[in-house]
Amino acid sequence: MSTGQLTDSPAGPAVQSPAGAAATQPPRRRRSLTARRAWSFYVFAGPWVLGFLALTAFPLGYALWLSFTNSDGLSDNPRFVGLDNYKEVFTDSETLASLARTGVFTATTVPLTIVAGLFLAVLVNQPIRARGLFRTLLYLPAVVPPVGAALTFRMIFDRDSGAANGLLDVFHVNGITWLADPYARWVLIVLTLWGVGNVMIISLAGLQDIPKELHEAARVDGASPWQSFTRITLPLLSPVIFFQVITGVIASLQTLAPLLISLDPTTKGIGSIPESNSLFMIDVLDQYLLGGRYGYASAMLWVLFLIIVTVTFVVFRLSKGAVFYSVEPEHAKTKTRTIGGA
């Protein structure tokens, strides 16, 4: 019997299936319904598509074109220079040094942030009093705007009137110039760890998604808390950690925190950035704002984009076998077995 035919049921009159009802609709009505659905889709998706084209696709395309020119941002007819800007990126000693400092900063802060966030998540996941208050207090720094956080740290670590040197004075220790080398890099790391609340919240959500029965069964079998954490918690939390690694690497490679720390709260403007905190994005802004080399700075940004894509791809490849998902991917094929079969 075809899907469009009527079927008789012992319990009542003939009922037409939904597929048959749709097939028996007039062609004009079906076209009208399809047009309305398409119109609704374009109405809701249109603002996002326009925003993507105007604020993402066009700037990317324009920056790519600038990277092949010697544009200074003022000339109406920049000269096409081909791959010269990209060759300079990989041969300029200052650019390579800033890129190396960015790599060290990323390799340092990303593991520290993930470990600190997971440690705090485990603490506030314990059945203690005022647990909600502790979670709120630990998360609050993460919602402070970056400029406000940087200015706060600048005032805390100020050489003359900062709270850090005021605390050292209590112990009769001479004041330290925190915002200059070699201490500036540590201030930057502390500023990065200060906003660890985001990582803590994500890790806490992952911890609460782990069934308690697994830990109870491990405890009955005689497993220690450390064994339960390393054999149960970490494997089941590996997708969350993997997500934090990816987002942390992308954010660290693009960090502008050194520039924000160097903002002077008075009218003097931007102060000097210590060499240890002169990261890649700081070098890019220096080429844009001070050097007027829009073409070269655009090439630097595209090189950074390619580096981020490459690092992300490598992390994805290395994650195979180390990340355990509770639900297998849809494309995974399972071999059917019969009772008593091999």
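Everything discussed here concerns the structure shown above.
Starting afresh in each chain, residues are numbered from 1 along the sequence in its written order. With the structure being a predicted model, the display of local features is reserved for residues of pLDDT at least 70 and the display and counting of side-chain atom pairs for 80 or more, all residues being used for whole-chain, interface and lining totals. Heavy atoms from the whole structure form the basis of all side-chain values; hydrogens and water molecules are not counted.

Novice: I'm lost on the pattern of salt bridges in this one. Help?
Specialist: It is possible for side chains bearing opposite charge to pair when their charged atoms get close. Here, a salt bridge means any Lys or Arg side-chain nitrogen found within 4 Å of an Asp or Glu carboxyl oxygen. In the structure shown here, the tally under the stated rule is one salt bridge. Across the pair Arg-293 and Glu-88 runs a salt bridge, and its minimum N-O distance is 2.8 Å. Within this pair, whereas Arg-293 is found in the loop between α13 (280-290) and α14 (294-318), its partner Glu-88 is found in helix α3 (residues 84-89), the two being separated by 205 residues in sequence. Numbered from the N terminus, helices here are DSSP runs of H or I no shorter than four residues, and strands are runs of E no shorter than two.

Novice: I tried to follow the packing of helix α4 (residues 93-124) against helix α9 (residues 197-208) on my own but got confused; where do I start?
Specialist: Each packed pair of helices is defined by two parameters, the angle between the axes and the distance between the axes. One can describe the packing of α4 onto α9 by two numbers: an axis separation of 8 Å at closest approach and a directional angle of 55 degrees. Taken together, the axes of α4 and α9 are oblique relative to one another. The hand of the α4/α9 crossing is right-handed. Between α4 and α9, the residues in contact are Thr-113, Ile-114, Gly-117, Leu-118, Leu-120, Ala-121, Val-122 and Val-124 and Val-199, Met-200, Ser-203, Leu-204 and Leu-207, respectively. Only Asp, Glu, Lys and Arg are considered charged in this grouping, and only Ala, Val, Leu, Ile, Met, Phe, Trp, Tyr, Cys and Pro are considered nonpolar; every other residue, Gly among them, is considered polar. Across the contact of α4 with α9, the residue classes tally to 10 nonpolar, three polar and no charged. Axis geometry follows a simple rule: fit a line to the C-alpha atoms, using only the stretch in contact for helices, then measure angles between N-to-C directions, giving values from 0 to 180 degrees. Convention used here: angles under 35 degrees read as roughly parallel, angles over 145 as roughly antiparallel, angles from 65 to 115 as roughly perpendicular, and any remaining angle as oblique. By the definition used in this description, the sense in which the near helix is turned from the far one sets the handedness, with an anticlockwise turn below a right angle giving left-handed and a clockwise turn giving right-handed. Contact definition: two residues touch when any of their heavy atoms are within 4.5 Å.

Novice: Even after reading the chapter, I still don't get unusual backbone geometry, so can you show me in this structure?
Specialist: Keep in mind that most residues, glycine aside, have a negative phi and that most peptide bonds are trans. Going from Asp-181 to Pro-182, the amide bond is cis rather than trans, its omega being 5 degrees. With respect to the element layout, Pro-182 can be found in the loop between α7 (163-170) and α8 (184-194). Positive phi values are uncommon outside glycine, yet His-172 reaches one of about 60 degrees. Relative to the assigned elements, His-172 resides in the loop between α7 and α8.

Novice: Would you mind going over the packing of aromatic side chains with me for this structure?
Specialist: Here the distance between the centres and the angle between the planes together describe a pair of aromatic rings. The aromatic pairing rule takes the rings of Phe, Tyr and Trp, using the six-membered ring of Trp, and pairs them if the centres are within 6.5 Å, calling planes under 30 degrees apart stacked, those over 60 edge-to-face and the rest tilted. Scanning the model with the defined rule gives 14 aromatic pairs in all. A ring pair is formed by Trp-178 and Tyr-183, whose centres lie 5.8 Å apart and whose planes are at 65 degrees; its orientation type is edge-to-face. Burial classes: relative accessible area under 20% of the type maximum marks a residue as buried, over 50% as exposed, and values in between as partly exposed (1.4 Å probe, protein chains only). Take Trp-178: its relative accessible area is 18%, and that puts it in the buried class. Linked through ring pairs, Phe-153, Phe-157, Trp-178, Tyr-183 and Trp-194 together constitute an aromatic cluster.

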